[in-house]
Amino acid sequence: MVRGVKWVDEVIPDAPYAINESFMKKLFTEYGIDYIIHGDDPCLLPDGSDAYELAKKAGRYKQIKRTEGVSSTDIVGRMLLCVRDRQSSENQHHASLQRQFSHGNNNKSENRNSPSSTRISHFLPTSRRIVQFSNGKGPGPQARIIYMDGAFDLFHAGHVEILHRARELGDFLLVGIHTDQTVSSNRGPHHPIMNLHERSLSVLACRYVDEVIIGAPWTITKDMITTFNISLVVHGTVAENSDLLNEEDDPYKAAKELGIFKLIESPMDITTTTIIKRIVANHEAYKKRNEKKTESEKKYYEGKTYVSGD
């Protein structure tokens, strides 16, 4: 996932959570790192100490603005909400866990009378943010344009790998992101987990993607293929709606009739559903983690000050 982010130059696997003295020295000497960076939200160790204390003392720490409205705690709550209706009485811990995560950073939910309701996303997209994520370059006149569409919800390693394969088939990868309404009508209530703008920026952050259509139509028409000069429409073998290719109302019918549709093998079998299942299966561990996380986030928002820069 991290290697697939367009702004990342190198990845150090198995890095320690706490920046200890030996690892910090290794960063400065072996990797030639100038500064250690973190957002303006707290990053505390289990004992309550600052994970970046040593870097700060060494004068090699810089703080950047945290992306407003994006919280892993909140996202976990959204995941748990989407499986709420499928939970049986044998999993009584689930409701309590969902309530704790879903309240995010401000305790306001969509319906205070419902113990299982979760608050909506507080992500605040701006036109400048979209420009920052965009490549800013269109395809060349002779470019082979590849088109791939989907929800791309909870953008994960499976998405990165299939997009990589799609990009290798041409010169320019155009990705269509379905609207929240389209995803919900095909996957059910409480989907998607991430809203359209969150999903669009997640896909734009991938180094293999050249451009996205924000709010792409479910059905790919001949007119759309002509408008965007699409050379090939592709779809992976692993997807939430694996049966859509056999539907009577095939969204890829026009591309197939033109002979420009290709089914490509998905390198990984990860889906949004499998990630949600991991969260639910490990609910006790997440519950303990969240008890500390929620408190630290509360303190962060209470004492939050303006941080310049985007």
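All of these numbers come straight from a predicted model, not from anything done at the bench.

Calculation rules
Chains are numbered independently. Their residues run from 1 in the order of the written sequence. Where local features are concerned, this predicted model is filtered to residues with pLDDT of at least 70; where side-chain atom pairs are given and counted, the filter is 80 or more; whole-chain, interface and lining totals use all residues. The side-chain numbers reported here are obtained from all heavy atoms of the structure, hydrogens and water having been left aside. A helix here means a DSSP run of H or I that spans at least four residues, while a strand means a run of E at least two residues long, and both kinds are numbered starting from the N terminus. We call two residues in contact when some of their heavy atoms are within 4.5 Å. Residue exposure ignores everything except the shown protein chains as possible cover, and the areas themselves are Shrake-Rupley values with a 1.4 Å probe. Pairing of aromatic rings covers Phe, Tyr and Trp, the last counted by its six-membered ring, and requires centre-to-centre distances within 6.5 Å; plane angles under 30 degrees mean stacked, over 60 mean edge-to-face, and any other angle means tilted. Burial classification: accessible surface area is computed with a 1.4 Å probe over protein chains only, and a residue below 20% of its type maximum counts as buried, one above 50% as exposed, and the rest as partly exposed. Salt bridge criterion: a side-chain nitrogen from Lys or Arg within 4 Å of a carboxyl oxygen from Asp or Glu. A patch is a set of surface residues, each over 30% in relative accessible area and not in a salt bridge, joined within 9 Å for like charges and within 5 Å for the nonpolar side chains Val, Leu, Ile, Met, Phe, Trp and Tyr. Buried and open spaces are told apart on a 1 Å grid over the protein atoms alone, a cavity being a set of points where a 1.4 Å probe fits but cannot get out and a pocket being an open set with protein on both sides within 12 Å along at least five of seven lines. Residues with an atom within 4 Å of a point are the lining residues. Grid points are joined across faces, edges and corners, and a volume is the space filled by probe spheres set on the points. Each residue gets one label: Ala, Val, Leu, Ile, Met, Phe, Trp, Tyr, Cys and Pro are nonpolar, Asp, Glu, Lys and Arg are charged, and the others, such as Gly, are polar. The definition of a nonpolar core used throughout is a set of buried Ala, Val, Leu, Ile, Met, Phe, Trp, Tyr and Cys residues joined through side-chain atoms within 4.5 Å. In short, DSSP must find at least two bridges between two strands for them to pair. The axes are straight lines fitted to the C-alpha atoms, using for helices just the contacting stretch, and the angles between their N-to-C directions are given from 0 to 180°. Two N or O atoms count as a polar contact when they lie within 3.5 Å, although within protein this holds only if one can serve as hydrogen donor and the other as acceptor, and sequence-adjacent residues are included solely when both atoms are side-chain atoms.

**Q** Would you mind going over the overall build of the protein with me for this structure?
**A** Counting its regular elements, the protein contains twelve helices and seven strands. Within the protein, contacts between residues separated by at least 24 positions form 74% of all contacts whose residues are at least 6 apart in sequence. A total of about 17200 Å² of accessible surface is found on the protein, and carbon and sulfur atoms cover 49% of it.

**Q** What is the right way to read the packing of aromatic side chains from this model?
**A** Two aromatic rings, taken as a pair, are described by how far apart their centres are and by the angle between their planes. Inspection of the entire model under this criterion finds three aromatic pairs. With 5.7 Å between their ring centres and 40° between their planes, Tyr 52 and Tyr 61 make a pair best called tilted. By relative accessible area, Tyr 52 is classed as buried at 12%. With a centroid separation of 5.1 Å and 40° between ring planes, the pair formed by Tyr 252 and Phe 261 is classed as tilted.

**Q** Explain the environment of Ile 276 here, please?
**A** Relative to the helices and strands, Ile 276 resides in helix α11 (residues 272-281). For the pair Ile 276 and Cys 82, spaced 194 residues apart in sequence, the C-alpha to C-alpha distance is 8.8 Å.

**Q** When you look at the pattern of salt bridges in this model, what are you seeing that I'm missing?
**A** Two side chains of opposite charge can pair, provided their charged atoms sit close to one another. One pass over the full model with this rule turns up six salt bridges. With a shortest N-O distance of 2.5 Å, Lys 56 and Asp 50 are connected by a salt bridge. The residue Arg 199 makes a salt bridge to Asp 180 at a minimum N-O spacing of 2.7 Å. In this pair, Arg 199 is assigned in helix α8 (residues 196-204) and Asp 180 in helix α7 (residues 180-187), connecting sequence segments 19 residues apart. Taking the relative accessible area as the measure of exposure, Asp 180 reaches 25% and is therefore partly exposed.

**Q** Explain a nonpolar patch on the surface to me, please; I cannot follow it from the model alone.
**A** A grouping of Tyr 35, Ile 37 and Ile 64 is seen on the molecular surface, where their side chains present a nonpolar patch of about 280 Å² in accessible area. Within the fold, Ile 64 resides in strand β2 (residues 61-64). Taking relative accessible area as the criterion, Ile 64 reaches 45% and is therefore assigned partly exposed.

**Q** Explain empty space enclosed by the protein here, please?
**A** The gaps left among the atoms become clear once a water-sized probe is rolled over them. Scanning the entire structure with this criterion turns up two cavities of 30 Å³ or more. Taken as a whole, the largest cavity encloses approximately 470 Å³ of empty space. Forming the walls of the largest cavity are 30 residues, and the residues nearest its centre are Gly 150, Arg 187, Val 238, Ala 239 and Glu 240. Where the lining of the largest cavity is concerned, the elements lending two or more residues are β3 (145-150), α6 (157-167), α7 and β6 (230-236). Split by residue class, the lining of the largest cavity holds 13 nonpolar, 13 polar and four charged. Of the pockets and cavities examined, the second largest cavity occupies roughly 30 Å³.

**Q** Looking at this structure, how should I read the nonpolar core?
**A** If you look at soluble globular proteins, the nonpolar side chains tend to sit buried side by side. With 25 residues, the main nonpolar core has Phe 152, Leu 163, Val 175, Val 203 and Val 209 as its most contacted residues. Ignoring any residue separated from it by four or fewer positions in sequence, one finds Val 175 in contact with Tyr 147, Met 148, Phe 152, Leu 163, Val 203, Val 209, Glu 211, Val 212 and Ile 213. In terms of nonpolar packing, the next biggest core, distinct from the first, is built from 16 residues, Ala 143, Ile 145, Tyr 147 and Ile 260 among them.

**Q** What should I look at first to understand unusual backbone geometry in this one?
**A** Glycine aside, the phi torsion of most residues is negative, and most peptide linkages are trans. Look at Phe 152: it is not a glycine, yet its phi comes out positive at around 50°. Counting through the fold element by element, Phe 152 comes out in the loop between β3 and α6. One non-glycine residue with positive phi stands out, namely Asn 229, at about 55°. Turning to its location among the elements, Asn 229 is positioned in the loop between α9 (222-227) and β6. Taking the relative accessible area as the measure of exposure, Asn 229 reaches 44% and is therefore partly exposed.

**Q** Is there a simple way to explain the sheet that holds β3 in this structure?
**A** Sheet strands pair by backbone hydrogen bonding; their relative direction is either parallel or antiparallel. Spatial ordering of the open sheet is given by β5-β4-β3-β6-β7, a layout of five strands whose pairing is parallel. Each of the sheet's edge strands pairs with one partner strand only, and the pair in question is β5 (211-216) and β7 (261-264). Across the sheet, the mean angle from the axis of one strand to that of its neighbour is 30°, orientation sign disregarded. α6 rests against β3, β4 (172-178), β6 and β7 of the sheet, and its axis sits at about 140° to β4. Contacts from α8 reach β4 and β5 within the one sheet, and its direction differs from that of β4 by about 165°.

**Q** What am I meant to see in the side chain of Asp 210 here?
**A** Its location among the elements puts Asp 210 in the loop between α8 and β5. Given the relative accessible area of 13%, Asp 210 is considered buried. Among the polar contacts made by the side chain of Asp 210, one reaches the side chain of Arg 167 at a distance of 2.9 Å. At 2.7 Å, the side chain of Asp 210 and the backbone nitrogen of Leu 173 are in polar contact. When residues no more than four places from it in sequence are discounted, the contact partners of Asp 210 are Asn 135, Arg 167, Asp 171, Phe 172 and Leu 173.

The analysis is restricted to geometry; functional conclusions fall outside its scope.
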